[in-house]
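These are the residues of each chain, in order.
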Amino acid sequence: HIDLVVEAGLKSWDACGPRAVIEGAGGMVCDWDGTAADEGRMLFAGSASVAAAARGVLGGLGAGLRCAPPPSPWPAACPSPASGRGKCEASAERG
């Protein structure tokens, strides 16, 4: 049983299946501001009251909110290939 799912960065094809099920069961799908949405920042809620509570919590997050990028898979001593800073200078042996 899930009452709420909060997502950011969805595309319309990510949302169309869950939307049909949730709305068919009496729930609602909207953006974080409560308006209709097909992609982007979305709430999938089991009821209007759950959606309203979530919007109250998320209301302080502006439209410019951006998720932090994931951490680099490269050790600090090894610049990423995209940085153009050369090869890894790490002295640790790899097994």
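Provided above is the structure to which this section pertains.
Since this is a predicted model, take the numbers as computed values, not measurements.

In space, the three strands of this open sheet follow the order β1-β3-β2, with antiparallel pairing throughout. Pairing within the sheet leaves two strands with one partner each, and these edge strands are β1 (4–10) and β2 (28–31). Ignoring strand direction, the axes of neighbouring strands in this sheet form an average angle of 20°. In this structure, β1 lies alongside strand β3 (residues 40–45), joined through five bridges in antiparallel fashion. In the sheet register, Leu 10 faces β3, and the bridge partner there is Gly 40. Across the face of the sheet, helix α2 (residues 48–58) comes into contact with β1, β2 and β3 while running at roughly 140° to β3.

What follows is about the nonpolar core. Counting residues in each nonpolar core, the largest one holds six residues, listed as Leu 10, Ala 15, Val 29, Ala 37, Met 42 and Phe 44. Among residues more than four places away in sequence, those in contact with Val 29 are Arg 19, Ile 22, Glu 23, Met 42, Leu 43 and Phe 44. Counting five residues, the second-largest nonpolar core is a separate cluster that includes Cys 30, Trp 32, Ala 54 and Leu 58.

Looking now at the environment of Val 5. Structurally, the position occupied by Val 5 is in strand β1. On the accessibility criterion, Val 5 (30% relative accessible area) is partly exposed. Between the alpha carbons of Val 5 and Leu 43 there is a distance of 5.9 Å; along the sequence they are 38 residues apart. Setting aside its immediate chain neighbours within four residues, Val 5 contacts Met 42, Leu 43 and Phe 44.

Glancing now at the pattern of salt bridges. Across all of its chains, the model carries three salt bridges by this definition. For Asp 33, the salt bridge is made with Arg 41, and the minimal N-O distance between the two is 3.6 Å. In the salt-bridge network here, residues are joined through shared partners; they are Arg 19, Glu 23 and Asp 38.

By the criterion of burial, β3 is predominantly enclosed, with five of the six residues buried. Of the pairings in the sheet, the one linking β2 to β3 comprises four bridges and is antiparallel in character. Within β3, the residue paired with Met 28 across the bridge is Ala 45.

On to the layout of surface pockets, then. Considering only enclosed or pocket space, the largest pocket measures out at about 200 Å³ in volume. Taken together, Ile 2, Asp 3, Val 5, Pro 18, Val 21, Ile 22, Ala 25, Gly 27, Phe 44, Ala 45 and Gly 46 make up the lining of the largest pocket. Of all elements in the fold, only α1 (12–24) and β3 reach the threshold of two or more residues within the lining of the largest pocket. At three residues, α1 tops the list of elements feeding residues into the lining of the largest pocket.

Rules used in this analysis
- Residues numbered from 1 in each chain as written.
- Predicted model: local features only at pLDDT ≥ 70, side-chain atom pairs only at ≥ 80, totals over all residues.
- Heavy atoms only, no water.
- Pairing = 2+ DSSP bridges.
- Helix = DSSP H or I, 4+ residues; strand = E, 2+ residues; numbered from the N terminus.
- Axes fitted to C-alpha atoms, helices over the stretch in contact; angles between N-to-C directions.
- Contact = heavy atoms within 4.5 Å.
- Core = buried A, V, L, I, M, F, W, Y, C linked by side-chain atoms within 4.5 Å.
- Buried < 20%, exposed > 50% of the residue type's maximum accessible area, 1.4 Å probe, protein only.
- Salt bridge = Lys/Arg side-chain N within 4 Å of Asp/Glu carboxyl O.
- 1 Å grid on protein atoms, 1.4 Å probe; cavity = no way out; pocket = protein on both sides within 12 Å on 5 of 7 lines; lining within 4 Å.
- Points joined across faces, edges and corners; volume = space filled by probe spheres on them.

Remember that the coordinates give geometry; whether it matters functionally is a separate question.
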